Amino acid sequence: MNIGVYVCECGINIAATVDVGKVVEEAKSLPNVVISRLNKYTCSDPGQESIKKDIIDFNLDRVVVASCSPRMHESTFRSVVEETGVNPYCFEMVNIREHVSWVHSNKEKATLKAIDLVAGAVARAAFLEPLERKEVDVIPKTLVVGGGIAGIQSALEIANNGFQVYLVESSPSLGGRMAQLDKTFPTLDCSACILTPKMVDVARHPKIELLTYSEVEEVGGYIGNFNVKVKKKPRYVDIEKCVGCGLCAEACRLKGKVLNEFDENLSKRSAIYVPFPQAVPLKYTIDPERCNMLKFGKCGSELLCVAACERDAIDFNQEEEIIELDVGTIVVATGFDSFDPSTEKKYGYGESPNVITGMEFERIANAAGPTEGHLEINGKEPKKIVFIQCVGSRDKDGNEYCSRVCCMYTAKQAHMVRDKIPDSEIFVYYTDIRAFGKGFEEFYNRVQNENVIYLRRELNDFIQIVHNGSAVMVKAEGHPDIAADLVVLATGLVPRADSKDFAKTLNISQSADGFFLEAHPKLRPLDTFTDGIFIAGCCQSPKDIPDAVAQASGAAVKATIPLAQGKVVIEAISAVINEDLCSGCRICEKLCAFSALEFDSENKIMKVNDVVCKGCGSCAAACPTGAISMNHFSNKQVIAQIGGILEKRRSLIV
Amino acid sequence: MTVETIQEFEPNIIGFLCNWCSYAGADLAGTSRMQYPPNVKIIRVMCSGRINPMFVVNALQQGADGVLIGGCHPGDCHYQHGNYFTRRRITILKNLLEFLGIEPERVRMTWVSAAEGRKFAEVVEEITEDIRKIGPMKQIRRVNEW
């Protein structure tokens, strides 16, 4: 057994708080260590070369690198040793940066800790065993979850690369939040005009199967072989027959009585509806929460919608359907929710119709919206308009993050007000203007020159909106009160309400703010910790349309890589059963969350399906006879590591 | 540093952390440069469910003064429910340790998510102080043969 130890300075990242020279010296005296070296940057070319050279010169069969987190560079070094003929599982990494130098300031103590950790790794390395990774075939299909702009972009890119895509959207139509916007900043493109052609492209694409009004219920399997259960909610309309003529909605007894969520509840629709005129697919859906027939089993003396439909498309007997999809990779683009300002009393939202959210403004400003694009509140054109920034963002007691889009959408909306009501007075209460994108600062300057008054206030300064007859009074610390006809709250972006549940379904993580967590904030922003699942758009963090589109294209590329390669390598960390020791008690069988353990009734022992086994080790910890061992985390390896870590310090205890 | 502080008892603690949540949380504490005592030495396992109670006993036998076990929050386990098994196993183990005359407080199980760097630093501070008060582990000791 020849072990090589490589201690990294990581520039000064490690060397400043750990006496790396001493760590190198101490490692030399450890059992089986034949060479111990110091590198400025072990991950750099010279660092990697020194490992490769030593493997040959010293006939190394185990390599230990003490540097950063294995979550950062374990795969780098595994490749290095593999290229030089050492099995990648005979490599061990010690984290002396994230777990030592960056978190301790006492150099003496930090050095001792690093020495102990290296000793643990060397002790463990002696028991490491070469393992073979399995290759499995990849199903050349991708599931894209979410039919907003990010999901649409991803689906089109993947399909254009020649792979089959299933696009699942929970609402009845593609489009997402972007479909609700009137114009986009800073170019003032009409949002629908640039979005709807892409929606049509998706629907027409031969490689995309569109599943609207459907939800992902269950995700099983692993990269290359995910098994997904999708719930298709009943529309109560046969989409093969429906031509989207709308006669049913005209006839509906509840016409003009059901709040229209697409218009942020500012208009009313029928119980049978399409969310908006350019919906894709243009197929009607019956709202099961409101339809009399679905709720009470009858609707007056006759079913007006059924009578109106010339194509006999309405089917009240439709039932929920579960579809199973097999895919190789998954792109998650589930988007965001808007912050609900009614949770903060000071904004007076919900008490007065004169206080609206940014998204409500979009609908009011839109030509297809509740007021056909006329800016009016209760039928009256507002003359004094106040915008308030950072509502639900940058709040140390709430959403601490900046929502990134509100500064610019407020500037855009202020411009739109100026455009529609030239003689209006427009004020914007802001704290800092974040005009960071291409053309943003220029646009902000333009809006300021359009006689939009920007008033600065501190985030924590008092602000209160008081309902006052047909107007509202905006009281802000340090500024004179403004009697406004309209207050627009620049509400921020929050994770979708179902994020937590959906993260569990997908087995991915959330960051502290509740958005989905990327595998690395800088270098793997589109990956999750679950191989084969990628994230794009606002489900990862608030972002504007160009960023969401760029991320979606990136995620699409990531998702097609395994499909193009056709095979993926499966981690070799799995359970192994010592058939001589297994008593066939079947305790492990019930513990396995993945049904990877099966009872061999002929030989009365357990068998492991090592492709299905994910290597958690719950079974190994429970086996009463010690028959189950974990590859790469065997009892011997773990106990040796414990011993190695404690060895040097043990003598200090009297 | 005074002679007094050098001679002060420095607890030697083994920390078993799951790869997906707690280890990532400890990494986040690092990237966020949160300072905490250097007494916990981390061993990475794929899931807290891998932690055989025997590992904990073995660590105490080999001279550890305490053991920290970190897993994903209930319901967040990367392997669905490995952390629930660990919670039960460690609860039973602590009863057993008490029966053997070993302070059960030497063993602590905690949930740290990948986003909770701050919590990880706090947990390390707490367990280090707790073990410092309990004092060195003297009851059981074994030397491994391998």
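Residue positions are given per chain, counted from 1 along the sequence in the order it is written. In the order they appear in the text, chains get letters beginning with A and ligands get numbers beginning with 1. Confidence filtering applies because this is a predicted model: local features only for residues at pLDDT of at least 70, side-chain atom pairs given and counted only at 80 or more, and all residues used for totals across whole chains, interfaces and linings. Excluded from the side-chain calculation are hydrogens and water; included are all heavy atoms of the structure.

**Description of the overall build of chain B**
In step 1: Here a helix means four or more residues in a row that DSSP labels H or I, a strand means two or more in a row labelled E, and each is numbered from the N terminus. The secondary structure content of chain B amounts to five helices and four strands.
In step 2: It is over C-alpha atoms that the radius of gyration is taken, and the globule rule equals 2.2 Å times the number of residues to the power 0.38. For chain B, the C-alpha radius of gyration of 15 Å lies close to 15 Å, the compact-globule estimate for 146 residues.
In step 3: Here the C-alpha coordinates of chain B stretch approximately 45 × 35 × 30 Å along the principal axes.
In step 4: Taking all 146 residues of chain B together, the buried fraction comes to 60%.
In step 5: Working rule for contacts: check all heavy atoms of both residues, and any pair within 4.5 Å makes them a contact. Restricting the contact set of chain B to residue pairs at least 6 apart, pairs at least 24 apart contribute 81%. Under the scheme applied here, a residue whose accessible area is under 20% of the maximum for its type counts as buried, over 50% as exposed, and between as partly exposed, the area being computed with a 1.4 Å probe on protein chains only.

**With respect to the overall build of chain A**
In step 1: Counting its secondary structure elements, chain A contains 18 helices and 32 strands.
In step 2: Projected onto its principal axes, the C-alpha positions of chain A cover 85 × 65 × 45 Å.
In step 3: Counting the 654 residues in chain A, one finds 57% classified as buried.
In step 4: For chain A, restricting intrachain contacts to residue pairs at least 6 apart in sequence, the fraction spanning at least 24 positions comes to 70%.
In step 5: Every accessible area reported is derived by Shrake-Rupley at a probe size of 1.4 Å, with residue values counting cover from the shown protein chains alone. Within the structure as shown, chain A displays about 27400 Å² of accessible surface, and the carbon and sulfur contribution to it stands at 49%.
In step 6: For the purpose of counting charges, residues Lys and Arg are taken to be positive, whereas Asp and Glu are taken to be negative. His and the chain ends are not included. The atoms used to mark charge sites are NZ of Lys, CZ of Arg, CG of Asp and CD of Glu. If the 73 positive side-chain charges of chain A are averaged to one point and the 87 negative ones to another, these points end up 1 Å apart.

**Section: empty space enclosed by the protein**
In step 1: The distinction between a cavity and a pocket rests on a 1 Å grid over the protein atoms alone: a 1.4 Å probe fits inside a cavity but cannot get out, while a pocket stays open yet meets protein on both sides within 12 Å along at least five of seven lines, and a residue with an atom within 4 Å of a point counts as lining. Grid points are joined across faces, edges and corners, and a volume is the space filled by probe spheres set on the points. The full count for this structure, using the stated rule, is five cavities of 30 Å³ or more.
In step 2: Volume-wise, the largest cavity comes out at about 240 Å³.
In step 3: Along its surface, the largest cavity is lined by 19 residues, and Glu-92, Met-93 and Gln-641 of chain A together with Ile-42 and Arg-44 of chain B are the ones closest to its centre.
In step 4: Broken down by secondary-structure element, the contributors of at least two residues to the lining of the largest cavity are α3 (70-83), β4 (91-95) and α5 (107-125) of chain A together with β2 (40-45) of chain B.
In step 5: Think of it as three bins: nonpolar holds Ala, Val, Leu, Ile, Met, Phe, Trp, Tyr, Cys and Pro, charged holds Asp, Glu, Lys and Arg, and polar takes everything else, Gly as well. Broken down by class, the residue content of the lining of the largest cavity amounts to nine nonpolar, four polar and six charged.

**Focus: the sheet that holds strand β1 (residues 13-18) of chain B**
All names here are of chain B.
In step 1: Two strands are said to pair when DSSP picks up at least two bridges between them. One open sheet accounts for four strands, arranged β2-β1-β3-β4; its pairing is parallel. The open sheet has two edge strands with one neighbour each: β2 and β4 (107-111). Between one strand axis and the next, the sheet turns through 20° on average, direction left out of account.
In step 2: In terms of strand pairing, β1 meets strand β3 (residues 66-71) through five bridges, oriented parallel. Bridge assignment links Gly-15 to a residue of β3, and that residue is Leu-68.
In step 3: In this analysis, axes come from line fits to C-alpha atoms, helices being fitted only over the stretch in contact, and the angle between any two N-to-C directions falls in the range 0 to 180 degrees. Of the strands in this sheet, β3 and β4 are in contact with helix α4 (residues 82-99), which crosses β4 at around 160°.

**Things to note about a nonpolar patch on the surface**
Residues and elements named next belong to chain B.
In step 1: On the surface, a cluster of nonpolar side chains totalling about 370 Å² of accessible area is made up of Leu-96, Phe-99 and Leu-100.
In step 2: Tracing the chain through its elements places Phe-99 in helix α4.
In step 3: Residue Phe-99 is classed as exposed on the basis of its relative accessible area, which comes to 71%. For patches, a residue must show more than 30% relative accessible area and have no salt bridge; joins then use 9 Å for like charges and 5 Å for nonpolar side chains, namely Val, Leu, Ile, Met, Phe, Trp and Tyr. By salt bridge we mean one thing: a side-chain nitrogen of Lys or Arg within 4 Å of a carboxyl oxygen of Asp or Glu.

**Observations concerning the domain arrangement of chain A**
In step 1: Entries for chain A in the domain assignment read domain 1 (3-131), domain 2 (134-232 + 320-336 + 498-567), domain 3 (247-308), domain 4 (338-494) and domain 5 (575-631).
In step 2: By convention here, the domain bounds are inherited from an automatic or database domain assignment. Averaged C-alpha coordinates put domain 4 of chain A and domain 5 of chain A at centres separated by 61 Å.

**Observations concerning the packing of aromatic side chains**
In step 1: Between 30 and 60 degrees the pair is tilted, below 30 it is stacked and above 60 it is edge-to-face, where a pair is any two Phe, Tyr or Trp rings, Trp via its six-membered ring, whose centres lie within 6.5 Å. Counted under the stated rule, the structure contains 13 aromatic pairs over all chains.
In step 2: The cationic tip of Arg-44 of chain B hangs over the ring face of Tyr-23 of chain B; the distance from NZ or CZ to the ring centre is 5.6 Å. Note on geometry: a ring has a charge over it if NZ (lysine) or CZ (arginine) is within 6 Å of the ring centre and within 35 degrees of the ring normal.

**Observations concerning the sheet that holds strand β27 (residues 533-535) of chain A**
All names here are of chain A.
In step 1: Across the sheet, which stays open at both edges, the five strands sit in the order β8-β7-β6-β16-β27 with parallel pairing between neighbours. Each edge of the open sheet is held by one strand with a lone partner, namely β8 (208-211) and β27. With strand direction ignored, the average angle separating the axes of adjacent strands in the sheet is 20°.

**Describing the pattern of salt bridges**
In step 1: Inspection of every chain in the model, using the stated rule, returns 46 salt bridges over all chains.
In step 2: Put simply, Arg-394 of chain A and Asp-432 of chain A hold a salt bridge, and the shortest N to O gap is 2.7 Å. Of this pair, Arg-394 of chain A sits in the loop between β19 (384-391) and α12 (406-420) while Asp-432 of chain A sits in the loop between β20 (425-430) and α13 (440-448); the two residues are 38 residues apart in sequence, bridging distant segments of the chain.
In step 3: By sharing partners, the salt bridges in this structure join Glu-74, Arg-78 and Glu-571 of chain A together with Arg-44 of chain B into a single network.

**Structural notes on the environment of Gly-176 of chain A**
Residue and element names in this part refer to chain A.
In step 1: With respect to the element layout, Gly-176 can be found in the loop between β7 (164-168) and α7 (191-204).
In step 2: Spatially, the C-alpha atoms of Gly-176 and Ile-149 are 6.7 Å apart, while their sequence positions differ by 27 residues.
In step 3: Excluding residues that lie within four positions of it along the chain, Gly-176 makes contacts with Gly-147 and Gly-148.

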